[in-house]
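# Notes for the structure review
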Amino acid sequence: MSRSLALFTALFVATLSVGGADEPEFDIVIKNGKIVDGSGAPWYQADVGIDDGKIVRIGSIPDDEARELIDARGLIVAPGLIDMMGQTASPMIEDPKTAINLLTQGITTINAGEGGSAAPLGQEEGRRKGYTTMAEYFTLLESKGMPVNVVQTIGHTQVRRIVVGDVERRPSDQEMEQMQALVREAMQAGAIGVSTALIYPPAVYARTKEIAMLAAAAGEYGGGYYTHMRNEGDRLLEAIDEALDIGRQANTPVHIFHLKAAGKQNWGKMPLAIATIKAARSSGQQVTADIYPYVNNGLGIAALIHPRHFSEGRDRLIRRLDDPEFRAEIKEEMETTEGWENWFRHAGNDWGRIVIGRSNDPRYAKHDGKSVAEIARACDEDPWDTFFQLVRQGAFALPETMTDANKILAMQQEFVSFCTDVGPAGGSRSASHPRAFGSFPRLLSRYVRDLGAISLERAIAQASAVAANDVMAYDRGRINVGLAADVIVFDYQNLADRADFANPHALSEGMKFVIVNGRLVLNDGEQTDARPGRVLRGPGYRQSAAPANVASGEADERFASYDRMMRDFMTEHRVPGASIAVTDRGKVVFARGYGYADIAQQQQVQPDSLFRIASLSKPITAVAVLQLIEQGKVTLDDKVFDVLDYESDIASTEEFDERLRDITIRHLLEHRGGWDRDVSFDAMFRSTRFADQVGTEPPADQQSVIKAMLSQPLDFDPGQRYAYSNFGYCLLGRVIETLTNQGYEAYVQQHVLAPLGVTTMRIGATRLEGRAENEVRYYQPGTGKSVFASDRGEEVPRPYGAWYLQAMDSHGGWIASASDLAKFAAAFDDPDQCPILSRESIKWMDRRPPGLAGHDADGKEKSRYYSLGWSNRTVGPGKVNHWHTGSLDGTATIMIRRHDGKNLIALLNARVSPSASHLGSAIDRLLHQAADAVTDWPADQTD
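Residues numbered from 1 in each chain as written. Predicted model: local features only at pLDDT ≥ 70, side-chain atom pairs only at ≥ 80, totals over all residues. Heavy atoms only, no water.

Next up on the list: the sheet that holds strand S16 (residues 396-399). The antiparallel open sheet is built from three strands, whose spatial order is S14-S16-S15. Either end of the sheet is taken by a strand with one partner, and the two such strands are strand S14 (299-300) and strand S15 (354-358). Bridge count between S14 and S16: two bridges; the pairing is antiparallel. Each residue of the ladder has a partner; that of Leu299, found in S16, is Ala397. (Pairing = 2+ DSSP bridges. Helix = DSSP H or I, 4+ residues; strand = E, 2+ residues; numbered from the N terminus.)

At a closest axis distance of 10 Å, the pairing of helix H10 (residues 270-282) and helix H16 (residues 404-411) adopts a crossing angle of 15 degrees. For the element pair H10 / H16, the angle class is roughly parallel. Of the two possible hands of crossing, H10 and H16 adopt the one that is right-handed. Contacts between H10 and H16 involve Met270, Pro271 and Ile274 on the former and, on the latter, Asn406, Leu409 and Ala410. A per-class count over the contact of H10 with H16 returns five nonpolar, one polar and no charged. (Axes fitted to C-alpha atoms, helices over the stretch in contact; angles between N-to-C directions. Parallel < 35°, antiparallel > 145°, perpendicular 65-115°, else oblique. Left-handed = near helix turned anticlockwise from the far one by under 90°. Contact = heavy atoms within 4.5 Å. Nonpolar A, V, L, I, M, F, W, Y, C, P; charged D, E, K, R; others polar.)

Right, let's get into the pattern of salt bridges. Throughout the structure, instances matching the rule amount to 60 salt bridges. Residues Glu175 and Arg169 are paired through a salt bridge, measuring 2.8 Å at the closest nitrogen-oxygen approach. For Glu175, a relative accessible area of 14% puts it in the buried group. Owing to a relative accessible area of 36%, Arg169 belongs among the partly exposed residues under this scheme. One salt bridge in this structure joins Glu238 and Arg235, with 4.0 Å as the shortest N-O distance. (Salt bridge = Lys/Arg side-chain N within 4 Å of Asp/Glu carboxyl O. Buried < 20%, exposed > 50% of the residue type's maximum accessible area, 1.4 Å probe, protein only.)

Attention now moves to the environment of Tyr364. As for its placement among the helices and strands, Tyr364 is situated in the loop between S15 and helix H14 (372-378). Looking at Tyr364, the relative accessible area reads 1%, which means it is buried. The sequence separation of Tyr364 and Arg476 amounts to 112 residues, and the corresponding C-alpha distance is 45 Å. Apart from residues no more than four positions distant in its own chain, Tyr364 is found in contact with Ser359, Ile375, Cys379, Glu381, Thr386, Gln389 and Leu390.

Following both chains from N to C, one finds helix H6 (residues 156-163) and helix H8 (residues 208-219) inclined at 105 degrees, their axes separated by 11 Å at the closest point. Taken together, the axes of H6 and H8 are roughly perpendicular relative to one another. Here His156, Val159 and Arg160 of H6 come into contact with H8, specifically with Glu210, Ile211 and Leu214.

Across the sheet, six strands lie side by side as S9-S10-S11-S12-S13-S17; this open sheet has parallel pairing. In this open sheet, the two strands that pair with only one neighbour each are strand S9 (154-155) and strand S17 (416-418). Across three bridges, strand S13 (residues 287-291) lies against S17 in parallel orientation. Across the sheet, the residue bridging to Asp290 is Ser417, located in S17.

Turning next to the side chain of His255. Following the sequence through the fold, His255 ends up in strand S12 (residues 254-256). The buried category is assigned to His255, whose relative accessible area is 1%. A polar contact is formed between the side chain of His255 and the side chain of Thr288, at a distance of 2.8 Å. A polar contact is formed between the side chain of His255 and the side chain of Asp290, at a distance of 2.7 Å. The residues contacting His255, other than those within four sequence positions of it, are Met84, Tyr225, Tyr226, Thr227, Thr288, Ala289, Asp290, Ser417 and Asp470. (Polar contact = N/O pair within 3.5 Å; in protein donor to acceptor, adjacent residues only side chain to side chain.)

A word on the packing of aromatic side chains. Here the structure, examined in full by the defined rule, presents 26 aromatic pairs. Aromatic side chains Phe685 and Trp803 sit 6.5 Å apart centroid to centroid with 75 degrees between the ring planes, which places their arrangement in the edge-to-face category. Here Phe685, found in the loop between helix H23 (665-669) and helix H24 (687-694), pairs with Trp803, found in the loop between strand S29 (795-797) and helix H28 (809-812); they are 118 residues apart in sequence, far enough to count as distant. Among the residues examined, Phe685 registers a relative accessible area of 38% and is labelled partly exposed. For Trp803, a relative accessible area of 2% corresponds to the buried category. Site record: aromatic cluster; members linked through ring pairs are Phe344, Trp351, Trp384, Phe387 and Phe388. Here the basic side chain of Arg537 rests over the ring of Tyr541, its NZ or CZ set 4.9 Å away from the ring centre. Geometry around Phe681 places Arg686 over its ring, the cationic atom sitting 3.7 Å from the centre. (Phe/Tyr/Trp six-rings, centres within 6.5 Å; stacked < 30°, edge-to-face > 60°. Lys NZ or Arg CZ within 6 Å of the ring centre and 35° of its normal.)

Right under this line is the structure:
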């Protein structure tokens, strides 16, 4: 066959294959829109095809090739806009819906960090938040998932506070090395550079050399220097010179946050500032800037006071405000002096031009959105008294210090992009400047559409492509084939910002659709539940060090399907660490660790790493109970409260539900005891309430939980149906202790685990300081309230104090390796050789429960049911798979006993991802597929 004929044949076959496919070619097609592509070129009309997170076609696309079709007729299609100063992504960890103010502006990426940054943290704050390093913070962001992308700078203020504190002094050489080490860690994690906020203490105390040395550390990794300059008014030009000097010393690009000339006396400096930047650019220095489209800036009102008064810390200053002489000194300084960032002077010494966005004071709250002068008149106060009270309360002020003419001049510069200077603020009422909700629609409607300051094409280019380059997000910012699909669709003629000083939380109008990484996050103006946003890591990050690309333990080509599966799964779900074990014919044939056991320490998961196994503890408890049945110490039909002696507690409980006396051991093992957490609650997560109820110190232990539950009515009659109950297994743990005169943990270790050669399993500890040797760390986005008496109600990481692990011993308290659990599961492969249960007990363990627990309302057997400690699924005639999953904050697990004698274990040190609420359940099907892909199982097997 000729080469041309072969090529033709291949093309013909490919055409037949594609033509015969029923699946649409594109996830989303945007039809008939006017495309403003981010390049600055004139708009044109075309369709845009998006698939697998990328823009894959621009042109004419048939409707039937789209899974989802967006009709953009009469609308503008543009690249997603980039908020060059979005402050922080942290609100989205607790609630992704806080991004609504960004999405309704068309923002798809924020640049977080301005002097302060969410990471790194000092040890004490880290204990509360659950992380200290930038790498850990990024893990939590991505575990939760976000509606928008995030790039992150490391804040100079942040590292200075950790190392030096809030004091006015230079860092020592050793302290400087510590600060640089923090910057380097952040850069390796994926930060894009160092940021400063030099008008605020303690950053104001830093000299140029200090900042340049930190920026240089970022520059080692290709990072940049991003700055809220030392002065934006009287010494604006000198501040620009300093920023440029820092960039030259550090050999980094320079970006100036929210460029402005504050104060009427300084308005004429804006052309000189722009000329200075242009000159630097002409000489080969990369310098850019951003603005927000408002003439009122925003800052903590304490910034109106000379920074020298903060040299001993803010608390010290607040205490001194009671001194009339000190107040008089501050007043005179603000009214008469210059050469520092005197915002009162910039506002014309006029309290009528300083609006209070958020007073934080109940007396003034109804006047938020008014000027200090208006508040003082309403409260019959001297404005200076009002000012000092607002300083005490940490109020947020909006001085009118700028001019529209300078805004227009700045936005006409091709190197200028745009910002909100706020970030995610929806729902929290935390934002007090209308820029949080209105910046980008105000830019496009007022300045572009209505005033014609610049063209729409130029504005979009600066808000997307220019900004993307500034934050090193080179794979987005334009409508181009092959780039990430961050795309917006908006009604240009009706685009409007609605936020003002009186109502700064009003959503903008006119933004119709927002797509982030190929997923709709704003659909016809409404936020969806999708969380496709990513941390867009900077140039210091090495993809080879990503958790999905790291593995430990011996590689085996025969089990390459597991390596591929885990790499894809961890990439999709952003899993920090995992462990896999597989058995065949009673032996562990494959065990590997993937990702990181401890991200901060870069410790890899090992095959023998210990994980909290959560509800995989239940089959272990069930086996222990079955052993006691074999020994004749109890029967399945024995009543649990005949075995456990709580008569004195029952006698003193007026609300005792007599149906509790009917609960049997079998009811508990099969989750038929009568408690339904979906109807009432899960008893094992009421550690403080139950401790208070029975009069003990929190957290409530097992005995306290049981005593408290004696006054709780059942949700249904015992045995009537299935309802998963952790509390039922808590009771079983006490049954074991009562019948053996041993502690639950000791009995299980001696009689269930030791005969299998398992020696490392133990009950875990709640607090991080109780972490066992070789135990992983757990990563869960968000925090909770401590249930421990020593710090009750204080903020803690959810896996490390928001509930009490030790009280969960018999239903969720064990820590184990995947190999340990594989040995446990494999023990039942040959019932005649099982070292811990008899053949008859194993049959009972897997037997279908009676009634509605194992059958539907017509009496037909359910394909899925819960037996004595195991979930079961019928997968074919005579074929049943047995399994159990487990989950706690920061933990997801699954243990599978297959009908073909293969056992599959997966343990993960995260519970959730943007698309999964339980990673153990999410990996279930994939474990089977990986096993089915193995064609060469080891013949000569050893432990």
